[in-house]
6 protein chains.
Amino acid sequence: MRVPNEIIKIANDIRGMRIRGAGRIARTAANALKLASELYEGTSVNEYVNYMRKVSDILLNTRPTAVSLPNAINFIMSRLLRNIDKIGDINEAKAIVRNAADEFIKRSKKALELIGEIGARRIRDGDIILTHCNSSAALSIIIRAHEMGKDIRVFATETRPRFQGLITVKVLAEKGIRVSLVPDSAIRLIMKKIDKVIVGADAIAANGAVVNKIGTSQIALIAHEARVRVFVAAETYKFSPATVIGELITIEERSPDEVIPKEKLSKYVRIKVRNPAFDVTPPEYVDAIITEQGIIPPQAAILILKEEYGWIIKDYLFKLSSEDEEEVTTK
Amino acid sequence: MRVPNEIIKIANDIRGMRIRGAGRIARTAANALKLASELYEGTSVNEYVNYMRKVSDILLNTRPTAVSLPNAINFIMSRLLRNIDKIGDINEAKAIVRNAADEFIKRSKKALELIGEIGARRIRDGDIILTHCNSSAALSIIIRAHEMGKDIRVFATETRPRFQGLITVKVLAEKGIRVSLVPDSAIRLIMKKIDKVIVGADAIAANGAVVNKIGTSQIALIAHEARVRVFVAAETYKFSPATVIGELITIEERSPDEVIPKEKLSKYVRIKVRNPAFDVTPPEYVDAIITEQGIIPPQAAILILKEEYGWIIKDYLFKLSSEDEEEVTTK
Amino acid sequence: MRVPNEIIKIANDIRGMRIRGAGRIARTAANALKLASELYEGTSVNEYVNYMRKVSDILLNTRPTAVSLPNAINFIMSRLLRNIDKIGDINEAKAIVRNAADEFIKRSKKALELIGEIGARRIRDGDIILTHCNSSAALSIIIRAHEMGKDIRVFATETRPRFQGLITVKVLAEKGIRVSLVPDSAIRLIMKKIDKVIVGADAIAANGAVVNKIGTSQIALIAHEARVRVFVAAETYKFSPATVIGELITIEERSPDEVIPKEKLSKYVRIKVRNPAFDVTPPEYVDAIITEQGIIPPQAAILILKEEYGWIIKDYLFKLSSEDEEEVTTK
Amino acid sequence: MRVPNEIIKIANDIRGMRIRGAGRIARTAANALKLASELYEGTSVNEYVNYMRKVSDILLNTRPTAVSLPNAINFIMSRLLRNIDKIGDINEAKAIVRNAADEFIKRSKKALELIGEIGARRIRDGDIILTHCNSSAALSIIIRAHEMGKDIRVFATETRPRFQGLITVKVLAEKGIRVSLVPDSAIRLIMKKIDKVIVGADAIAANGAVVNKIGTSQIALIAHEARVRVFVAAETYKFSPATVIGELITIEERSPDEVIPKEKLSKYVRIKVRNPAFDVTPPEYVDAIITEQGIIPPQAAILILKEEYGWIIKDYLFKLSSEDEEEVTTK
Amino acid sequence: MRVPNEIIKIANDIRGMRIRGAGRIARTAANALKLASELYEGTSVNEYVNYMRKVSDILLNTRPTAVSLPNAINFIMSRLLRNIDKIGDINEAKAIVRNAADEFIKRSKKALELIGEIGARRIRDGDIILTHCNSSAALSIIIRAHEMGKDIRVFATETRPRFQGLITVKVLAEKGIRVSLVPDSAIRLIMKKIDKVIVGADAIAANGAVVNKIGTSQIALIAHEARVRVFVAAETYKFSPATVIGELITIEERSPDEVIPKEKLSKYVRIKVRNPAFDVTPPEYVDAIITEQGIIPPQAAILILKEEYGWIIKDYLFKLSSEDEEEVTTK
Amino acid sequence: MRVPNEIIKIANDIRGMRIRGAGRIARTAANALKLASELYEGTSVNEYVNYMRKVSDILLNTRPTAVSLPNAINFIMSRLLRNIDKIGDINEAKAIVRNAADEFIKRSKKALELIGEIGARRIRDGDIILTHCNSSAALSIIIRAHEMGKDIRVFATETRPRFQGLITVKVLAEKGIRVSLVPDSAIRLIMKKIDKVIVGADAIAANGAVVNKIGTSQIALIAHEARVRVFVAAETYKFSPATVIGELITIEERSPDEVIPKEKLSKYVRIKVRNPAFDVTPPEYVDAIITEQGIIPPQAAILILKEEYGWIIKDYLFKLSSEDEEEVTTK
């Protein structure tokens, strides 16, 4: 059976950033798998599995940096594949996918709440917080702290080129939180006033490095210079098991017209415009990662990875190891 | 005699940033003094001096951070005041002002050329340079190096909120220099490729601290982290003698609507917008200041200050000292 | 049944610092639970459990920073509560508490010895060691190294305001160890001579931060500046499971008259006296934590926490998670 | 039965560095145990075990710093000792040793390949790599990256005093990799060009410190200064469980005539020649350790140690603890 | 003529710290020379000069670290010696000494006022300042800023072992300044709140290093870690010309009974007590030195030294150079 | 007249490093000018001047990095050229050159002695010193300190590729100084024992950067990491006036066969050998420069340059400035 148009459309929406944010992308992918499963009209379990794999591949190819995407799909598909031998008929198979998708989404939302609860405990009354871009997990902490009655103030960066900081300040102001907007170039000037930096993450690597919105790594460096603590809020499905076996996280380079509007680009001939979407913050500039499993230092990311994705990592290592052997024999 | 409208208009143009850049402001002020002098219609030298002082005060109050402005005015007015006893008639007085203004402007242009010559020698064939904002002195170096036939590449920051970086890339591209534009948030990502950072300055303080366009200090920090050398190009009239006696350089805070366009500001109620125009780069992040007197480490700024403005500094110290005594007697 | 006076007295002794030191506080609390259990005169297991809970609460409220206290009480009470369904009569219940208290105390002493053994192996013949305050675990290492025949020299800080350093130098000198006393202000002056810093801990947080006697964090910074390695000696019952879910460790502020004697305080009107009892050393300044489970880098504290207190952490996360849901429903 | 001459010879070859490299030493030791086992002519299992212990002791005493050596021997001997009760006759015992030795050697080779696979993924097209000495694991990565078609360039240090760098450049050049040789003193000069440092390890300590060829720690420091990432390639049998209980890794001091040739030493009377073979790189200068289990931050070495050598560590702790008790009773 | 008892007594008062503080010591020495001169009863100018030299030597030997002392004496004696040939009679000689002494004292007081004026300009409304020990120059700045109407808050350290911080808090509180006292061990804990550190100096070396009360260098380090600026207030007579030719500034080690009261010392047998009075703060931790000549970076101390003591330095170099030659000839 | 063969030979000896060391090169050049002057056989002063200029050019082209060479030649030639108008006949001209050459050599030797005297005062009894390569100025300090009776110990690096460290240890051992030789790779291992690093310089740049034997900059970095002070011993004729106007100091790259002996090079095909002779130590890693004018911080190099070479710098600036104008007119 062909992949339905509904799924193609969802994939395009992720690719075109109409659906954004590591968490939303992951939940959308889970829903897409569920939907694709429901739309499946055949009765052969084998064929169904192949069809679901095709759907998975289409979703996986939408955004290179998003680790949450393969983690969501793995969560669901592994439950299907691991139980393949015990599955009686197509309905059972579909039930597995439906339940797994629901479970993933539920856990994802729960994770956001728990991160809010845990992170908010770290905030003191009177704290001045700096945040960057528009991270659900980081905002969850800030808003929860405010709900707990803590008197906080927030500085948010503009976050060029897409100005996600404007969304952040609006959301926080509507909650009644005092908030200031600063250009990305003014961070060092205001850092001396800041008590804590709280940002989100798109991916966490095996050595604790944090991939997040471009600009995060310089904020972390500037905070480090001023002895200001940096917290990264990240659900465990943002931890990348593939980095354990050496895979690099690709830094997406987006279109120049996000930086210079299309209509003006013609005036800037022979000028190259760089527009990387993310950067990598080394673990030494991160004080702690706040996950739904608790607070960990970035260097303990590998512990989370082993606990949550141990079987994937083993699988990867097994494949690497076999590929190797084949290569040896074919030489 | 009242201060002529022409002068008022020039003052307003400086205040409103229609005339921008430390160098241009200084030369404009020199020209304004010259013009005011020519427009003076009286014959009393005493009255003329008072009139010129009024003109000076109006010009001095336009921009708080610009050190070049009082230095230009001091250059001219001190020549008038020091010779006050020897002046025969009003024409002689006017001649002093005219000549001093011409001399200041000539020196200022010469300084820019010399900085270009000196700085360009520091650039190696193949260098990749990062610059920020739109500094005449920094561009003078880059363009001169290109003219010398050195194969260079330049990264320029956008420089939010006013996007002066767009002017920079245009100017350099027109000269045939390969140039890339990057958002202010992407500096740490690209820093590993950079060989040298070259920026301008609005003011140099007694301890070698550099006041320049907001964002400069974080660029310098990021360069320092990656062992990339930072050069500041600055004419000696940007060195601030007042900082020797402890005066702080005021960091101008500009209008929020430079950050969020006026028409949209209404959507951002209860949100404070910060828009500082400059920041301060500590001397430990600056490898050298390139002046028309030669290259110096930032810590030798005091040497330049003593050589160029020794008499002003003595004057300041004398006044501080006298004020003090008066206070003692009036207590 | 009411909480017996003996227990109230013990609680007061801990609060008033007549019983001091994380280890002694923990063992005293264990003994207090045992004593309270023995003093219980009723026969109802349910009532007994409630009574023991009251006793626990009274003990828990004595010192805010001491993590060893709740860990000791948890050790004992969890054994009681987890077996509640299987308990036949009050004697069985009391036996559980008695055995658990004895077990805790035995382990605590064993831990001190093992830390001495393990840490002493890290000391080289000829080492000059700096210690701060009066930590049993740190002294255990130093004394054991001396017993092993290693030729060592020790510098001890005065440790204002309570001069615990004077106890330290006495104890070490009596063991025949060469020892020097230095004011807290002279640490940087002598640091170049020091080979290793060895201090204790009152609490270890989830990210490896070390809470210890005020002054520890600046010693660690000064050591770091001079490439001198810093070791923290800490039993695993000083690791704080509550920090995994974001709880902050409260830094106790003690009475001003520890700084300025009461009789003189009247001379210092309008002067605020700060007397924080602890500070927080960030993990980047700690080379290793020496526990009875072995030597770990501070970033691996979370590993110890998961191994030793995994069930408490899960419990905490479960509660956080449920609270959350309730909140959602009550909104 | 006496230890056969063949084994004595192998031990001497390791001691005299005719057999070099942590991996080769480990595999040679495994083979030596296997050989010794085969040469055993008796029939008593008990006597056999004692004999094998003697063989082990002889091998263990050859090189003080090599952690791979006791790990290899432990791997084999523990399999023998743990099954001692179930062993029927001498042939069964020999089979256990033979199989364990074969297993160790197979795993060791596999580990090298996997490290190559994993590490090569971290290398980008165009990377310029610096390596030091002549590490199989580091070269495995570099060569694999080259085989993957990545365009790389390598700088190798001379590695005084034994010039192992000359072997490295030869091996790499033969594979068709562009390679440059630099004196150990020129590292900081070239570091600005380097993208990644990749070195091997002789031992990894419990806190993530890396013991490797003398000079490694200054390369890591110089890389850190220039924001260049440092990767250590190390099989897990190089992780030292003894360091968990505080054992120091002895830094071997080798003969002066490696530095000044014997024939010239007479000209340098009253001159001390220092020739330490290894140094210790602190974990803060290492970005990741690449093992056959995946990539970890150095601070997670303890995790590998617990997983791979948990039972040895427990054994050590038990012994420490018992020794202690005896001491207490004999006092 | 013998040195009068009055002079001997003054020398003893300086030695015994009954007269303390670099400024007061210098002014006392100036007064002592004046007094000695007046007490001189002879008529021979030659004999008078020898007598004055003896007096100078006695004063110079009282405190090893105090640079202000030789600078004061040099100020006066050089005026006498340089004019020796032109002096008519003993009265003229005495007048030179009297005038020079008065001049030195006047300048010294003026310097203190000017430093207050200059430094106070650097303080912003709302600043929280940390000071150490009890420095007239530092307090001059703080009090002047308060008099200017700036709303400031001050933290002062206890400054063990002599608790000079208690004098500081009293003086400031009496002026109506809000002030808090902290133990020397709590500096890192409070540093995040501090805006500026302001301390005095006992001596400034040729490379800008600052010799001041023990504890200063660790405060400067802690400030540096937190991006808090450090200002040193120092009259130019505290700059040491002898350090230009390599003389080391001796760090005075004072009596143990300042640390442990005499009556208790007997309880601390076999314990060495260290009591260094000063430490050395490297120039990289000092942002600026505030002198009566203006604000300079520490690296420009050599500029002040050349301006103020150029002739002494030349003299020193000449002597070094001649000694050398003599040595050559006598060999 | 043609340049005599004697001069050509001297130039070749400098180029071929048969004459080495910045000081010896400078004095040899001075002697060469004197010799050339004496060999001149004509009578025309004009022709003589041209001849001397040719000689100067030949000498100047021998070694690119040696700043002492042009400084020596400038010293002599400027005396000739400045007096050109007053010169009566050829004998007078020759006398000027002869006297200037003698004067330069005398000053150079005197400078070495003074640096020894000044630097030796900075060394304390018991100091352990690290030196690199074979610097006359650094050794002058060490030997003088030993002669003063100070008990010192010296570590010297091998200094690959030319092993100048072997000369250093011999010279020092012959003086009776305890000395140890270490490979360049072992510096970080031994740095914790070192009290002071003392090295020479080939050139000092306007911003205080030190050009010296390859390896110096990493020694300075390693010292900085361990809070060990770094002193550079340099005569003022090593300060480079050309760097004030931006001239870069060329780092000489020497022949590969200094690294791999010629006879073996054939075995290393396709291997590039790098052999840079010098590196650049940034001023932040240098605590002080010890010159014959006294001790200065590296940032004050510009002060020495202005005092010693002010007229050359003015000359350079004038030429830069004129070139510029010409360019403007020819455009």
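Given the structure is predicted, the values throughout are model-derived calculations rather than measurements.

**Some points on the domain arrangement of chain A**
All names here are of chain A. In terms of domains, chain A is made up of domain 1 (5–113) and domain 2 (121–314). Listed as interface residues are 20 residues of domain 1 and, on the opposing side, 27 residues of domain 2. The tally of links between domain 1 and domain 2 comes to one salt bridge. Between Arg63 and Glu252 there is a salt bridge, with its nearest N and O atoms 2.8 Å apart. Taken together, the links from domain 1 to domain 2 amount to six residue pairs in polar contact (both at pLDDT 80 or more).

**Observations regarding the environment of Glu308(F)**
Residues and elements named next belong to chain F. Structurally, the position occupied by Glu308 is in helix H11 (residues 301–330). Take Glu308: its relative accessible area is 26%, and that puts it in the partly exposed class. Along the backbone, Glu308 and Thr236 are 72 residues apart, and their C-alpha atoms lie at a distance of 7.7 Å. Sequence-distant contacts of Glu308, that is, excluding residues within four places in its chain, are made with Thr236 and Gln293. One polar contact links Glu308 to Gln293, side chain to side chain, over a distance of 2.8 Å.

**Observations concerning the packing of aromatic side chains**
Residues and elements named next belong to chain D. Summed over all chains, the structure comprises 24 aromatic pairs over all chains. On the numbers, 5.3 Å between centres and 55 degrees between planes, the contact of Phe104 with Tyr237 is tilted. Of this pair, Phe104 sits in helix H5 (residues 90–122) while Tyr237 sits in the loop between strand S7 (229–233) and helix H10 (262–265), and the two are 133 residues apart along the sequence. Across the pair, exposure class does not vary: Phe104 and Tyr237 are buried alike.

**Regarding the arrangement of the chains**
Chain C makes no contact with chain B, the minimum C-alpha separation between the two being 17 Å. Kept free of each other, chain D and chain E leave a smallest C-alpha distance of 17 Å between them.

**Concerning the interface of chain A and chain D**
Listed as interface residues are 23 residues of chain A and, on the opposing side, 25 residues of chain D. Between Arg121(D) and Glu247(A) there is a salt bridge, and its shortest N-O distance comes to 3.0 Å. If you look at where chain A meets chain D, you find five residue pairs in polar contact (both at pLDDT 80 or more).

**Describing the interface of chain A and chain B**
In this complex, chain A contributes 46 residues to the contact, which on the side of chain B involves 46 residues. Overall, the association of chain A and chain B removes approximately 3,900 Å² of surface from exposure, summing both partners, and the carbon and sulfur fraction of that is 59%. Where chain A meets chain B, there are two salt bridges. For the salt bridge of Arg160(A) with Glu158(B), the shortest nitrogen-to-oxygen distance reads 2.1 Å. The tally of links between chain A and chain B comes to 24 residue pairs in polar contact (both at pLDDT 80 or more). When contributions to the side of chain A that touches chain B are tallied by element, the ones reaching two or more residues are helix H7 (164–174), strand S3 (178–182), helix H8 (187–191), helix H9 (216–225), strand S8 (271–273) and strand S9 (278–281) of chain A.

**What to know about the nonpolar core**
Met191(A), Met191(B), Met191(C), Met191(D), Met191(E) and Met191(F) are the most contacted members of the largest nonpolar core, which totals 699 residues. Apart from the residues lying within four places of it in its own chain, the contact partners of Met191(F) are Arg227(C), Leu130(F), Val197(F), Ile219(F), Ile222(F), Ala223(F), Ala226(F) and Val228(F).

**Points about the relation of the copies chain A and chain D**
For the pair chain A and chain D, the best superposition has an RMSD of 0.1 Å and corresponds to a rotation of 120 degrees with a translation of 0.0 Å parallel to the axis. This pairing of chains is accounted for by a three-fold axis. Taken as a fraction of all interface residues of chain A, those also at the interface in chain D reach only 9%, which identifies the copy contact as different-surface.

**As for the side chain of Thr236(D)**
Mapping Thr236(D) onto the fold places it in the loop between S7 and H10. Contacts of Thr236(D), omitting those with residues within four sequence positions, involve Asn71(D), Thr291(D), Glu292(D), Gln293(D), Ile304(D), Glu308(D) and Tyr309(D).

What counts, and where the lines are drawn
- Note that residues are indexed from 1 along each chain, following the sequence as it is written.
- Written order determines the labels here, with chains lettered from A and ligands numbered from 1.
- With pLDDT at 70 or above as the cut-off, local features in this predicted model cover only qualifying residues; side-chain atom pairs require 80 or more to be listed or tallied, and sums for whole chains, interfaces and linings still use all residues.
- Processing note: side-chain calculations cover all non-hydrogen atoms of the structure and skip hydrogens and water entirely.
- In this document the domain limits rely on a domain assignment from an automatic tool or a database.
- Contacts: residue pairs with any heavy atoms within 4.5 Å of one another.
- Take a side-chain nitrogen of Lys or Arg and a carboxyl oxygen of Asp or Glu: if they are within 4 Å of each other, that pair is a salt bridge.
- Whenever two N or O atoms come within 3.5 Å, that pair is a polar contact, provided that in protein one can donate a hydrogen and the other can accept it, and provided that, for residues adjacent in sequence, both atoms are side-chain atoms.
- Only DSSP runs of H or I reaching four residues or more are called helices, and only runs of E reaching two or more are called strands; each is numbered from the N terminus.
- Per-residue accessibility, obtained with a 1.4 Å probe over protein chains only, is compared with the maximum for each type, and a residue is labelled buried under 20%, exposed over 50%, and partly exposed between these values.
- We call Phe, Tyr and Trp rings a pair once their centres come within 6.5 Å, taking the six-membered ring for Trp, and we label the pair stacked below 30 degrees between planes, edge-to-face above 60, and tilted otherwise.
- Summed over both partners, the accessible area lost on bringing two parts together, with a 1.4 Å probe, is the buried area.
- Buried Ala, Val, Leu, Ile, Met, Phe, Trp, Tyr and Cys residues form a nonpolar core when they are joined through side-chain atoms within 4.5 Å.
- The fit set for superposing copies consists of C-alpha atoms from residues with pLDDT of at least 70 in both; the fit itself is least squares.

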